Amino acid sequence: MKREMAAAALLLALFGASFLNLRYLRGFTGELAGTVESSRAAFEDADYGRAEALLRGALSSWEGAEGYTHIFIRHSEIDATADAFCAALGSVAARDASAAGDYEALIYRLRGLYGMERLTPGSIF
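The model shown is predicted, which means the values in this text are computed figures rather than measured ones.

J.: I'm lost on the overall build of the protein chain in this one. Help?
T.: Within the protein chain, the regular secondary structure consists of six helices and zero strands. Listed N to C, the secondary structure of the protein chain is α-α-α-α-α-α in terms of helices and strands. A globule of 125 residues ought to have a C-alpha radius of gyration of about 14 Å, yet the protein chain, at 18 Å, is considerably larger. The dimensions of the protein chain, computed from C-alpha atoms along their principal axes, are 65 × 25 × 20 Å. Relative to its full complement of 125 residues, the protein chain shows a buried share of 30%. Taking as baseline every contact in the protein chain between residues at least 6 positions apart, the subset at least 24 positions apart corresponds to 71%. Approximately 7,800 Å² of the protein chain is accessible, and the part contributed by carbon and sulfur atoms is 59%. When the 12 basic and 16 acidic side-chain charges of the protein chain are each reduced to a single mean position, those positions are 11 Å apart.

Structure below.
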């Protein structure tokens with residue numbers, strides 16, 4: 001009986017840790033996506049300096065969370081998100097019309113990180 005209780009306690013601890021991780025990830029990626037959306041709005045208003053500064057700030061936050069991301073997020077997703085940041089930053093710096101697509105790709109990538117980590121019946125079975 002003690003083994004079953006220990007297993008149940010461990011299982012509850014894992015679910016609790018998973019919940020806290022998802023809560024943090026949702027807030028973190030939501031904040032990044034919000035900053036990227038603000039950058040996109042500034043770019044659309046032809047405020048290129050502000051757009052680039054906001055995007056660089058979001059990239060800095062992303063890079064600053066390396067201790068978290070390299071533990072809890074797949075490395076392929078980390079690389080793809082970093083590539084999306086760099087593509088958007090390159091388009092903004094060049095004031096290129098392709099920035100709209102690069103912004104969309106980056107926001108999609110950031111929001112997708114949370115979606116991939118959510119616990120669903122499909123991710124269990």
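J.: Can you walk me through the environment of Gly-27 in this structure?
T.: In this fold, Gly-27 is placed in helix 1 (residues 2-44). In the structure, Gly-27 is positioned 87 residues away from Tyr-114 in sequence and 9.3 Å away in space, judged by C-alpha atoms.

J.: I would appreciate a short explanation of helix 2 (residues 48-64) in the present structure.
T.: Quick reminder: α-helices carry 3.6 residues per turn. Residues three or four places apart thus point the same way. Helix length check: helix 2, at 17 residues, gives a terminal C-alpha distance of 24 Å against a target of 24 Å (1.5 Å per residue), a fit within 8%. Listed in full, the buried residues belonging to helix 2 are Ala-51, Leu-55, Ala-58, Leu-59 and Trp-62. End-on view of helix 2: buried residues confined to an arc of 100 degrees, all on one side of the axis. For helix 2, exposure combined with an orientation more than 90 degrees from the buried face picks out Glu-63 and Gly-64.

Parameters and conventions
- Residues numbered from 1 in each chain as written.
- Predicted model: local features only at pLDDT ≥ 70, side-chain atom pairs only at ≥ 80, totals over all residues.
- Heavy atoms only, no water.
- Helix = DSSP H or I, 4+ residues; strand = E, 2+ residues; numbered from the N terminus.
- Rg over C-alpha atoms; globule rule 2.2 N^0.38 Å.
- Buried < 20%, exposed > 50% of the residue type's maximum accessible area, 1.4 Å probe, protein only.
- Contact = heavy atoms within 4.5 Å.
- Areas by Shrake-Rupley, 256 points an atom, 1.4 Å probe, with all protein chains shown as cover.
- Lys, Arg positive; Asp, Glu negative; His and termini not counted.
- Charge placed at Lys NZ, Arg CZ, Asp CG, Glu CD.
- Expected span 1.5 Å × (residues − 1).
- Arc of directions from axis to C-beta.

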